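Structural overview for review
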Amino acid sequence: MRILLLSTLFPSAVRPIHGIFVETRLRELIKTGQVEAKVIAPVPWFPWAGAQFGEYGLFAATPRFEQRNGLDVYHPRYLLPPKVGMNIAPHTLAAAALPLARQLMREGFDFDLIDAHYYYPDGVAAGIIAQKLGKPFVVTARGTDLNLIPQHPYPRKLILQTAAAAGASIGVCQALMDSLRDLGADPGKLNTLRNGVDLQRFVPEARDAARQKLGLPEQSKLLLSVGHLIERKGHFVAIDALPFLPADVQLLIAGGGPDRAALQRQAERLGVANRVRFVGVVPQTDLKWWYSAADALALCSSREGWANVLLEAMACGTPVIATNIWGTPEVVSTPDAGVLMPERSGQGLAQAWVKLFANYPQRLATRAHAETFSWDATTQGQLRLFYSVVNSKNTYMASAQNS
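Remember, it's a predicted structure, so these values are computed and weren't measured experimentally.

A few points about the UniProt feature "domain: Glycosyltransferase subfamily 4-like N-terminal" (unreviewed entry) in the protein chain
Those residues carrying the UniProt feature "domain: Glycosyltransferase subfamily 4-like N-terminal" (unreviewed entry) are residues 87-201 in this numbering. In residues 87-201, helix accounts for 54% and strand for 15%; the two terminal C-alpha atoms are 39 Å from one another.

Re the side chain of Thr140
Topologically, Thr140 is positioned in strand 8 (residues 137-141). Among the residues examined, Thr140 registers a relative accessible area of 0% and is labelled buried.

Considering the domain arrangement of the protein chain
Considered domain by domain, the protein chain is made up of domain 1 (2-196 + 375-401) and domain 2 (207-372). Facing 17 residues of domain 1, the contacting portion of domain 2 comprises twelve residues. For the domain 1 face of the interface with domain 2, the top three residues by lost area are Ile17, Asn147 and Asn195, together amounting to 33%. On the surface where domain 1 and domain 2 come into contact, there are one salt bridge.

Section: the layout of surface pockets
Rolled over the atoms, a probe sized like a water molecule indicates the empty space that remains. Of the voids in this model, the second largest pocket is the one considered here, and its volume is about 380 Å³. When residues of the lining of the second largest pocket are traced back to their parent elements, those giving at least two are helix 4 (119-133), helix 6 (153-165) and helix 16 (375-402). Classifying every residue of the lining of the second largest pocket gives nine nonpolar, eight polar and two charged.

A few points about the pattern of salt bridges
Under the defined criterion, the tally for this structure stands at 15 salt bridges. A salt bridge links Glu55 to Arg15, with the shortest nitrogen-to-oxygen separation between them at 3.5 Å. Of the two residues, Glu55 is situated in helix 2 (residues 54-61) and Arg15 in the loop between strand 1 (2-6) and helix 1 (20-30); the sequence distance between them amounts to 40 residues.

Some remarks on the pairing of strand 12 (residues 249-254)
Most of strand 12 is tucked away, with five of its six residues classed as buried. Here six bridges tie strand 11 (residues 221-226) to strand 12, and the two strands are oriented parallel to one another. Bridging across to strand 12, Val226 finds its partner in Ala254. Following the chain from strand 11 across helix 9 (residues 235-241) to the adjacent parallel strand 12, one finds a crossover that is right-handed. Where strand 12 and strand 13 (residues 276-280) come together, four bridges link them in parallel fashion. Residue pairing across strands places Leu251 opposite Val276, the latter belonging to strand 13. Regarding topology, helix 10 (residues 260-269) serves as the crossover connection from strand 12 to the parallel strand 13, and that connection is right-handed.

Points about the sheet that holds strand 14 (residues 296-299)
Taken in spatial order, the six strands make up an open sheet running 13-12-11-14-15-16, and their pairing is parallel. A strand with exactly one partner marks an edge of an open sheet, and here the two such strands are strand 13 and strand 16 (338-340). Averaged over neighbouring strand pairs, the angle between their axes works out to 20° when direction is ignored.

Some points on the sheet that holds strand 7 (residues 113-117)
Read across the sheet, eight strands follow the order 4-5-2-1-7-8-9-10 without closing on themselves; strand pairing throughout is mixed. At either end of the open sheet lies a strand with only one pairing partner, and these are strand 4 (65-68) and strand 10 (190-192). The sheet shows a mean angle of 25° between the axes of neighbouring strands, direction not considered. Sheet topology note: the strand 9 (residues 168-171)/strand 10 ladder contains three bridges and is parallel. Directly across from Ile170, in strand 10, lies its bridge partner Asn191.

Structural notes on the nonpolar core
Residues Ile129, Leu224, Tyr291, Leu297, Leu310, Met314 and Phe386 are the most contacted members of the largest nonpolar core, which totals 103 residues. Of the residues that make up this core, three or more belong to each of domain 1 (2-196 + 375-401) and domain 2 (207-372).

A short note on the UniProt feature "domain: Glycosyl transferase family" (unreviewed entry) in the protein chain
In the UniProt entry, the feature "domain: Glycosyl transferase family" (unreviewed entry) is given for residues 207-367. Overall, residues 207-367 shows 39% helix and 17% strand. The separation of its end C-alpha atoms is 14 Å.

Concerning unusual backbone geometry
The peptide bond linking Tyr120 to Pro121 adopts the cis configuration, its omega dihedral lying at 10°. Secondary-structure assignment places Pro121 in helix 4. The backbone phi angle of Asn69 is positive, close to 50°, even though this residue is not glycine. Looking at the element boundaries, Asn69 is found in the loop between strand 4 and strand 5 (71-74). Here Tyr118, not a glycine, exhibits a phi torsion of approximately 85°, which is positive. Relative to the elements of secondary structure, Tyr118 occurs in the loop between strand 7 and helix 4.

Description of empty space enclosed by the protein
Applying the stated rule across the entire model yields one cavity of 30 Å³ or more. Within this model, the largest cavity holds a volume of roughly 30 Å³. Taken together, Thr8, Phe10, Ser12, Arg15, His18, Ala41, Val43 and His75 make up the lining of the largest cavity. Taken together, the residues of the lining of the largest cavity sort by class into three nonpolar, four polar and one charged.

Structural notes on the packing of aromatic side chains
Tallying each qualifying case throughout the model produces ten aromatic pairs. Summarising the aromatic geometry, the rings of Trp48 and Phe53 are spaced 5.8 Å apart at their centres and angled 25° between planes, so their arrangement reads as stacked. Three or more aromatic residues joined by ring pairs make a cluster, and in this case those are Phe46, Trp48, Phe53, Tyr56 and Phe59. Lying across the ring of Trp289, Lys213 places its NZ or CZ 4.9 Å from the centre.

About the cut-offs
- Residues numbered from 1 in each chain as written.
- Predicted model: local features only at pLDDT ≥ 70, side-chain atom pairs only at ≥ 80, totals over all residues.
- Heavy atoms only, no water.
- UniProt positions renumbered as here; feature names shortened; annotations may be inferred.
- Helix = DSSP H or I, 4+ residues; strand = E, 2+ residues; numbered from the N terminus.
- Buried < 20%, exposed > 50% of the residue type's maximum accessible area, 1.4 Å probe, protein only.
- Domains from an automatic or database assignment.
- Contact = heavy atoms within 4.5 Å.
- Buried area = accessible area lost by both parts, 1.4 Å probe.
- Salt bridge = Lys/Arg side-chain N within 4 Å of Asp/Glu carboxyl O.
- 1 Å grid on protein atoms, 1.4 Å probe; cavity = no way out; pocket = protein on both sides within 12 Å on 5 of 7 lines; lining within 4 Å.
- Points joined across faces, edges and corners; volume = space filled by probe spheres on them.
- Nonpolar A, V, L, I, M, F, W, Y, C, P; charged D, E, K, R; others polar.
- Pairing = 2+ DSSP bridges.
- Right-handed = clockwise from strand over helix to strand, strands pointing away.
- Axes fitted to C-alpha atoms, helices over the stretch in contact; angles between N-to-C directions.
- Core = buried A, V, L, I, M, F, W, Y, C linked by side-chain atoms within 4.5 Å.
- Phe/Tyr/Trp six-rings, centres within 6.5 Å; stacked < 30°, edge-to-face > 60°.
- Lys NZ or Arg CZ within 6 Å of the ring centre and 35° of its normal.

This is the structure in C-alpha coordinates:
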(Lines give C-alpha, C1' and ligand atoms only; values in the text may rest on other atoms or scores of the structure.)
Protein backbone atom coordinates (compact mmCIF):
# COMPACT_ATOMS: atom_id res chain seq x y z
CA MET A 1 0.00 0.00 0.00
CA ARG A 2 1.20 3.49 -0.84
CA ILE A 3 0.47 6.19 1.72
CA LEU A 4 0.86 9.94 1.51
CA LEU A 5 1.24 11.35 5.01
CA LEU A 6 0.12 14.97 5.32
CA SER A 7 0.81 16.92 8.49
CA THR A 8 2.36 20.13 9.77
CA LEU A 9 3.43 18.00 12.73
CA PHE A 10 6.58 16.37 11.40
CA PRO A 11 10.28 16.77 12.21
CA SER A 12 12.72 18.58 9.96
CA ALA A 13 16.43 19.31 9.89
CA VAL A 14 15.87 22.55 11.81
CA ARG A 15 13.13 21.23 14.15
CA PRO A 16 14.28 17.65 14.74
CA ILE A 17 11.83 16.78 17.55
CA HIS A 18 8.77 18.66 16.27
CA GLY A 19 6.00 16.09 15.80
CA ILE A 20 8.45 13.23 16.21
CA PHE A 21 5.59 11.01 17.42
CA VAL A 22 4.03 11.26 13.94
CA GLU A 23 7.28 10.21 12.31
CA THR A 24 7.70 7.36 14.80
CA ARG A 25 4.23 5.96 14.08
CA LEU A 26 4.92 6.06 10.34
CA ARG A 27 8.32 4.42 10.71
CA GLU A 28 6.78 1.61 12.75
CA LEU A 29 4.20 1.12 10.00
CA ILE A 30 6.88 0.97 7.30
CA LYS A 31 8.80 -1.65 9.28
CA THR A 32 6.05 -4.15 8.45
CA GLY A 33 7.13 -4.15 4.80
CA GLN A 34 3.50 -3.65 3.75
CA VAL A 35 3.64 0.12 3.32
CA GLU A 36 5.51 2.60 1.16
CA ALA A 37 5.16 6.25 2.11
CA LYS A 38 6.10 9.80 1.27
CA VAL A 39 5.51 12.83 3.46
CA ILE A 40 4.21 16.32 2.78
CA ALA A 41 4.86 18.42 5.88
CA PRO A 42 4.03 22.06 5.06
CA VAL A 43 5.39 24.96 7.08
CA PRO A 44 4.08 28.54 7.26
CA TRP A 45 5.70 30.94 4.82
CA PHE A 46 8.11 33.46 6.31
CA PRO A 47 10.66 35.52 4.36
CA TRP A 48 13.67 35.58 6.69
CA ALA A 49 15.69 32.89 8.40
CA GLY A 50 17.64 33.63 11.56
CA ALA A 51 17.58 33.08 15.30
CA GLN A 52 16.33 36.63 15.88
CA PHE A 53 13.01 35.64 14.31
CA GLY A 54 12.43 32.73 16.68
CA GLU A 55 10.14 29.97 15.43
CA TYR A 56 9.33 31.95 12.27
CA GLY A 57 13.00 31.99 11.39
CA LEU A 58 12.99 28.21 11.65
CA PHE A 59 10.07 28.04 9.20
CA ALA A 60 12.13 29.98 6.66
CA ALA A 61 15.20 27.79 7.28
CA THR A 62 13.29 24.53 6.72
CA PRO A 63 14.51 22.77 3.55
CA ARG A 64 12.00 22.35 0.76
CA PHE A 65 12.95 18.68 0.52
CA GLU A 66 14.91 16.32 2.75
CA GLN A 67 15.30 12.65 3.48
CA ARG A 68 14.76 11.53 7.05
CA ASN A 69 15.37 7.92 8.05
CA GLY A 70 14.88 6.83 4.44
CA LEU A 71 11.67 8.85 3.99
CA ASP A 72 11.17 11.51 1.33
CA VAL A 73 9.85 14.59 3.15
CA TYR A 74 8.58 17.69 1.34
CA HIS A 75 8.03 21.04 3.07
CA PRO A 76 5.96 23.34 0.84
CA ARG A 77 5.05 26.79 2.21
CA TYR A 78 1.54 27.93 3.02
CA LEU A 79 0.20 31.32 4.05
CA LEU A 80 -0.76 31.77 7.70
CA PRO A 81 -1.49 35.48 8.17
CA PRO A 82 -2.24 36.96 11.60
CA LYS A 83 -5.82 37.21 12.89
CA VAL A 84 -7.50 35.41 9.95
CA GLY A 85 -4.99 32.54 9.91
CA MET A 86 -7.16 30.10 11.85
CA ASN A 87 -10.06 30.31 9.42
CA ILE A 88 -8.11 30.25 6.17
CA ALA A 89 -5.35 27.81 7.19
CA PRO A 90 -7.05 24.65 5.83
CA HIS A 91 -7.48 26.30 2.44
CA THR A 92 -3.96 27.74 2.16
CA LEU A 93 -2.56 24.45 3.42
CA ALA A 94 -4.47 22.51 0.76
CA ALA A 95 -3.44 25.00 -1.94
CA ALA A 96 0.23 24.49 -1.01
CA ALA A 97 0.12 20.68 -0.80
CA LEU A 98 -2.18 19.82 -3.71
CA PRO A 99 0.26 20.66 -6.56
CA LEU A 100 2.95 18.58 -4.84
CA ALA A 101 0.57 15.64 -4.41
CA ARG A 102 -0.27 15.81 -8.11
CA GLN A 103 3.43 15.96 -8.97
CA LEU A 104 4.13 12.83 -6.93
CA MET A 105 1.32 11.03 -8.76
CA ARG A 106 2.74 12.07 -12.15
CA GLU A 107 6.17 10.83 -11.10
CA GLY A 108 4.76 7.37 -10.32
CA PHE A 109 3.81 7.58 -6.65
CA ASP A 110 0.08 7.05 -7.17
CA PHE A 111 -0.79 6.74 -3.50
CA ASP A 112 -3.76 4.74 -2.24
CA LEU A 113 -4.53 6.78 0.88
CA ILE A 114 -3.89 10.14 2.51
CA ASP A 115 -2.94 9.76 6.18
CA ALA A 116 -3.46 13.13 7.87
CA HIS A 117 -2.40 14.01 11.40
CA TYR A 118 -3.99 16.81 13.46
CA TYR A 119 -7.61 17.42 12.65
CA TYR A 120 -7.48 21.14 12.05
CA PRO A 121 -6.21 22.51 9.77
CA ASP A 122 -4.31 19.44 8.50
CA GLY A 123 -7.20 16.98 8.38
CA VAL A 124 -9.53 19.49 6.77
CA ALA A 125 -6.87 20.26 4.14
CA ALA A 126 -6.44 16.53 3.52
CA GLY A 127 -10.17 16.25 2.90
CA ILE A 128 -10.02 19.04 0.29
CA ILE A 129 -7.09 17.38 -1.47
CA ALA A 130 -8.66 13.91 -1.29
CA GLN A 131 -11.90 15.18 -2.85
CA LYS A 132 -10.01 16.79 -5.75
CA LEU A 133 -7.87 13.71 -6.39
CA GLY A 134 -10.54 11.07 -5.76
CA LYS A 135 -8.55 9.47 -2.94
CA PRO A 136 -9.68 8.11 0.43
CA PHE A 137 -8.26 9.67 3.56
CA VAL A 138 -8.09 9.19 7.32
CA VAL A 139 -7.41 11.76 10.02
CA THR A 140 -5.71 11.26 13.38
CA ALA A 141 -6.67 13.61 16.21
CA ARG A 142 -3.93 14.39 18.70
CA GLY A 143 -5.18 16.80 21.34
CA THR A 144 -5.73 20.53 20.95
CA ASP A 145 -7.25 19.94 17.51
CA LEU A 146 -10.34 18.49 19.23
CA ASN A 147 -10.18 19.70 22.82
CA LEU A 148 -9.73 23.40 22.00
CA ILE A 149 -10.19 24.37 18.34
CA PRO A 150 -13.86 23.21 18.05
CA GLN A 151 -14.76 26.02 20.45
CA HIS A 152 -14.62 28.24 17.35
CA PRO A 153 -17.74 27.89 15.12
CA TYR A 154 -16.17 27.85 11.65
CA PRO A 155 -13.39 25.36 12.47
CA ARG A 156 -15.96 23.17 14.25
CA LYS A 157 -18.12 23.15 11.11
CA LEU A 158 -15.16 22.12 8.93
CA ILE A 159 -14.04 19.45 11.40
CA LEU A 160 -17.48 17.81 11.32
CA GLN A 161 -17.64 17.99 7.52
CA THR A 162 -14.22 16.37 7.36
CA ALA A 163 -15.18 13.64 9.84
CA ALA A 164 -18.19 12.81 7.64
CA ALA A 165 -16.10 12.64 4.46
CA ALA A 166 -13.15 10.72 5.95
CA GLY A 167 -12.87 6.98 5.61
CA ALA A 168 -12.10 6.91 9.33
CA SER A 169 -11.03 9.08 12.24
CA ILE A 170 -8.37 7.97 14.69
CA GLY A 171 -7.78 9.24 18.21
CA VAL A 172 -4.57 8.68 20.16
CA CYS A 173 -6.80 8.29 23.22
CA GLN A 174 -10.42 7.30 23.77
CA ALA A 175 -11.22 10.71 25.26
CA LEU A 176 -10.56 12.41 21.91
CA MET A 177 -12.90 10.08 20.06
CA ASP A 178 -15.54 10.63 22.73
CA SER A 179 -15.14 14.36 22.13
CA LEU A 180 -15.53 14.00 18.36
CA ARG A 181 -18.59 11.80 18.87
CA ASP A 182 -20.11 14.41 21.18
CA LEU A 183 -19.55 17.07 18.52
CA GLY A 184 -21.77 15.01 16.21
CA ALA A 185 -19.44 12.69 14.27
CA ASP A 186 -20.56 9.20 13.22
CA PRO A 187 -19.48 6.81 16.02
CA GLY A 188 -19.05 4.03 13.47
CA LYS A 189 -16.09 5.84 11.92
CA LEU A 190 -14.23 6.52 15.16
CA ASN A 191 -11.21 4.46 16.18
CA THR A 192 -8.75 4.63 19.07
CA LEU A 193 -5.15 3.71 18.28
CA ARG A 194 -2.88 4.79 21.08
CA ASN A 195 0.72 5.82 20.56
CA GLY A 196 3.22 3.23 21.63
CA VAL A 197 6.69 3.70 23.04
CA ASP A 198 10.04 2.71 21.57
CA LEU A 199 11.09 0.05 24.06
CA GLN A 200 14.53 -0.28 22.47
CA ARG A 201 15.36 3.42 22.65
CA PHE A 202 13.89 4.04 26.10
CA VAL A 203 15.44 1.57 28.54
CA PRO A 204 16.29 1.86 32.24
CA GLU A 205 19.87 2.87 32.94
CA ALA A 206 21.33 2.63 36.43
CA ARG A 207 20.24 5.77 38.29
CA ASP A 208 23.68 6.44 39.81
CA ALA A 209 25.38 5.94 36.45
CA ALA A 210 22.89 8.25 34.70
CA ARG A 211 23.46 11.00 37.28
CA GLN A 212 27.21 10.65 37.03
CA LYS A 213 27.06 10.85 33.23
CA LEU A 214 24.93 14.02 33.36
CA GLY A 215 26.77 15.66 36.23
CA LEU A 216 23.76 15.55 38.56
CA PRO A 217 23.85 15.26 42.37
CA GLU A 218 23.71 11.65 43.47
CA GLN A 219 21.99 12.22 46.83
CA SER A 220 19.22 14.69 45.90
CA LYS A 221 15.72 13.75 44.86
CA LEU A 222 15.28 14.80 41.20
CA LEU A 223 12.00 15.82 39.59
CA LEU A 224 12.10 16.07 35.78
CA SER A 225 9.77 18.16 33.59
CA VAL A 226 10.08 17.68 29.81
CA GLY A 227 8.44 19.72 27.07
CA HIS A 228 8.27 22.97 25.13
CA LEU A 229 8.62 25.97 27.43
CA ILE A 230 5.09 27.33 27.03
CA GLU A 231 2.24 27.85 29.49
CA ARG A 232 0.29 24.81 28.34
CA LYS A 233 3.07 22.43 29.38
CA GLY A 234 2.92 23.72 32.95
CA HIS A 235 6.59 23.93 33.92
CA PHE A 236 5.57 26.86 36.13
CA VAL A 237 3.44 24.43 38.18
CA ALA A 238 6.52 22.33 38.92
CA ILE A 239 8.41 25.44 40.03
CA ASP A 240 5.45 26.47 42.20
CA ALA A 241 5.64 23.06 43.90
CA LEU A 242 9.23 23.39 45.10
CA PRO A 243 8.47 25.44 48.27
CA PHE A 244 6.07 22.65 49.30
CA LEU A 245 8.57 19.84 48.62
CA PRO A 246 11.49 18.70 50.78
CA ALA A 247 14.55 20.96 50.52
CA ASP A 248 16.61 18.23 48.83
CA VAL A 249 14.26 18.02 45.83
CA GLN A 250 15.71 19.61 42.69
CA LEU A 251 13.81 20.31 39.46
CA LEU A 252 15.25 19.61 36.02
CA ILE A 253 13.49 21.29 33.08
CA ALA A 254 14.28 19.86 29.63
CA GLY A 255 13.08 21.82 26.62
CA GLY A 256 13.32 25.13 24.84
CA GLY A 257 10.78 27.82 24.16
CA PRO A 258 9.63 31.39 24.71
CA ASP A 259 8.83 31.10 28.43
CA ARG A 260 12.33 30.33 29.68
CA ALA A 261 13.08 33.83 30.97
CA ALA A 262 9.69 34.04 32.72
CA LEU A 263 10.27 30.66 34.37
CA GLN A 264 13.70 31.76 35.57
CA ARG A 265 12.21 34.92 37.07
CA GLN A 266 9.51 32.84 38.76
CA ALA A 267 12.14 30.59 40.38
CA GLU A 268 14.06 33.64 41.59
CA ARG A 269 10.90 35.26 42.97
CA LEU A 270 10.05 32.09 44.93
CA GLY A 271 13.61 31.76 46.23
CA VAL A 272 14.15 28.36 44.58
CA ALA A 273 16.42 29.34 41.67
CA ASN A 274 19.23 27.24 43.17
CA ARG A 275 16.95 24.18 42.98
CA VAL A 276 15.99 24.59 39.29
CA ARG A 277 18.21 23.60 36.38
CA PHE A 278 17.29 24.35 32.76
CA VAL A 279 18.99 21.73 30.60
CA GLY A 280 17.77 22.93 27.18
CA VAL A 281 16.48 20.80 24.35
CA VAL A 282 17.55 17.18 24.77
CA PRO A 283 17.84 14.94 21.68
CA GLN A 284 15.58 11.89 21.68
CA THR A 285 18.61 9.62 21.74
CA ASP A 286 19.78 11.17 25.04
CA LEU A 287 16.46 11.43 26.86
CA LYS A 288 16.76 7.96 28.41
CA TRP A 289 19.62 9.22 30.59
CA TRP A 290 17.54 12.08 31.99
CA TYR A 291 14.51 9.85 32.59
CA SER A 292 16.72 7.24 34.27
CA ALA A 293 18.40 9.84 36.47
CA ALA A 294 15.11 11.26 37.78
CA ASP A 295 13.10 9.96 40.71
CA ALA A 296 9.89 11.11 39.04
CA LEU A 297 8.68 12.82 35.87
CA ALA A 298 6.20 15.70 36.25
CA LEU A 299 3.77 16.44 33.44
CA CYS A 300 1.73 19.48 34.43
CA SER A 301 0.00 20.18 31.11
CA SER A 302 -3.38 21.85 30.85
CA ARG A 303 -4.15 19.97 27.62
CA GLU A 304 -2.74 16.72 26.22
CA GLY A 305 -4.20 14.13 23.91
CA TRP A 306 -1.59 11.47 24.53
CA ALA A 307 1.66 12.58 26.14
CA ASN A 308 4.52 10.44 24.88
CA VAL A 309 6.86 11.60 27.65
CA LEU A 310 4.80 9.63 30.16
CA LEU A 311 5.48 6.30 28.49
CA GLU A 312 9.07 7.22 27.72
CA ALA A 313 9.76 7.88 31.39
CA MET A 314 7.98 4.69 32.47
CA ALA A 315 9.94 2.67 29.90
CA CYS A 316 13.07 3.93 31.67
CA GLY A 317 11.66 2.74 34.99
CA THR A 318 10.69 6.21 36.26
CA PRO A 319 7.15 6.78 37.60
CA VAL A 320 5.22 9.94 36.76
CA ILE A 321 3.14 12.65 38.40
CA ALA A 322 0.64 14.08 35.93
CA THR A 323 -2.42 16.27 35.59
CA ASN A 324 -5.70 14.38 35.28
CA ILE A 325 -6.60 15.37 31.71
CA TRP A 326 -7.81 13.71 28.50
CA GLY A 327 -5.82 10.58 27.68
CA THR A 328 -3.47 10.77 30.66
CA PRO A 329 -5.60 8.57 32.97
CA GLU A 330 -5.47 5.91 30.24
CA VAL A 331 -1.67 5.88 30.69
CA VAL A 332 -1.33 6.50 34.44
CA SER A 333 -3.73 3.71 35.26
CA THR A 334 -1.92 1.78 38.01
CA PRO A 335 0.24 2.72 41.04
CA ASP A 336 3.23 1.26 39.19
CA ALA A 337 2.81 3.98 36.55
CA GLY A 338 2.63 6.87 38.99
CA VAL A 339 0.11 9.30 40.44
CA LEU A 340 -2.41 11.81 39.08
CA MET A 341 -2.49 15.25 40.70
CA PRO A 342 -5.64 16.19 42.62
CA GLU A 343 -5.42 19.62 40.96
CA ARG A 344 -3.13 21.48 38.56
CA SER A 345 -1.19 23.53 41.05
CA GLY A 346 2.05 23.52 42.99
CA GLN A 347 0.28 22.20 46.06
CA GLY A 348 -1.46 19.55 43.94
CA LEU A 349 1.90 18.34 42.61
CA ALA A 350 3.34 18.31 46.13
CA GLN A 351 0.43 16.20 47.39
CA ALA A 352 0.96 13.77 44.52
CA TRP A 353 4.69 13.61 45.34
CA VAL A 354 3.92 12.56 48.92
CA LYS A 355 1.47 9.93 47.67
CA LEU A 356 3.98 8.57 45.14
CA PHE A 357 6.80 8.22 47.65
CA ALA A 358 4.54 6.67 50.28
CA ASN A 359 4.29 3.66 47.96
CA TYR A 360 7.14 4.12 45.49
CA PRO A 361 7.03 1.45 42.75
CA GLN A 362 9.83 -0.86 41.75
CA ARG A 363 11.57 0.26 38.55
CA LEU A 364 10.96 -3.09 36.86
CA ALA A 365 7.24 -2.82 37.62
CA THR A 366 7.09 0.66 36.07
CA ARG A 367 8.94 -0.61 33.01
CA ALA A 368 6.56 -3.58 32.76
CA HIS A 369 3.60 -1.20 32.67
CA ALA A 370 5.20 0.69 29.75
CA GLU A 371 5.75 -2.59 27.92
CA THR A 372 1.98 -3.02 27.62
CA PHE A 373 2.06 0.00 25.26
CA SER A 374 4.28 -1.35 22.49
CA TRP A 375 3.77 -0.10 18.93
CA ASP A 376 2.70 -3.54 17.67
CA ALA A 377 -1.00 -3.23 18.43
CA THR A 378 -1.22 0.28 16.97
CA THR A 379 0.66 -0.73 13.83
CA GLN A 380 -1.55 -3.74 13.19
CA GLY A 381 -4.62 -1.65 13.90
CA GLN A 382 -3.51 0.90 11.31
CA LEU A 383 -2.93 -1.75 8.69
CA ARG A 384 -6.38 -3.26 9.20
CA LEU A 385 -8.06 0.12 9.15
CA PHE A 386 -6.16 1.48 6.15
CA TYR A 387 -6.81 -1.64 4.06
CA SER A 388 -10.49 -1.49 5.00
CA VAL A 389 -10.76 2.18 3.97
CA VAL A 390 -8.92 1.62 0.67
CA ASN A 391 -10.94 -1.49 -0.19
CA SER A 392 -14.22 0.28 0.61
CA LYS A 393 -13.25 3.15 -1.68
CA ASN A 394 -12.25 0.77 -4.49
CA THR A 395 -15.51 -1.18 -4.12
CA TYR A 396 -17.52 2.06 -4.27
CA MET A 397 -15.65 3.27 -7.38
CA ALA A 398 -16.13 -0.07 -9.14
CA SER A 399 -19.83 -0.07 -8.32
CA ALA A 400 -20.20 3.50 -9.58
CA GLN A 401 -18.45 2.66 -12.85
CA ASN A 402 -20.62 -0.42 -13.43
CA SER A 403 -23.81 1.51 -12.84
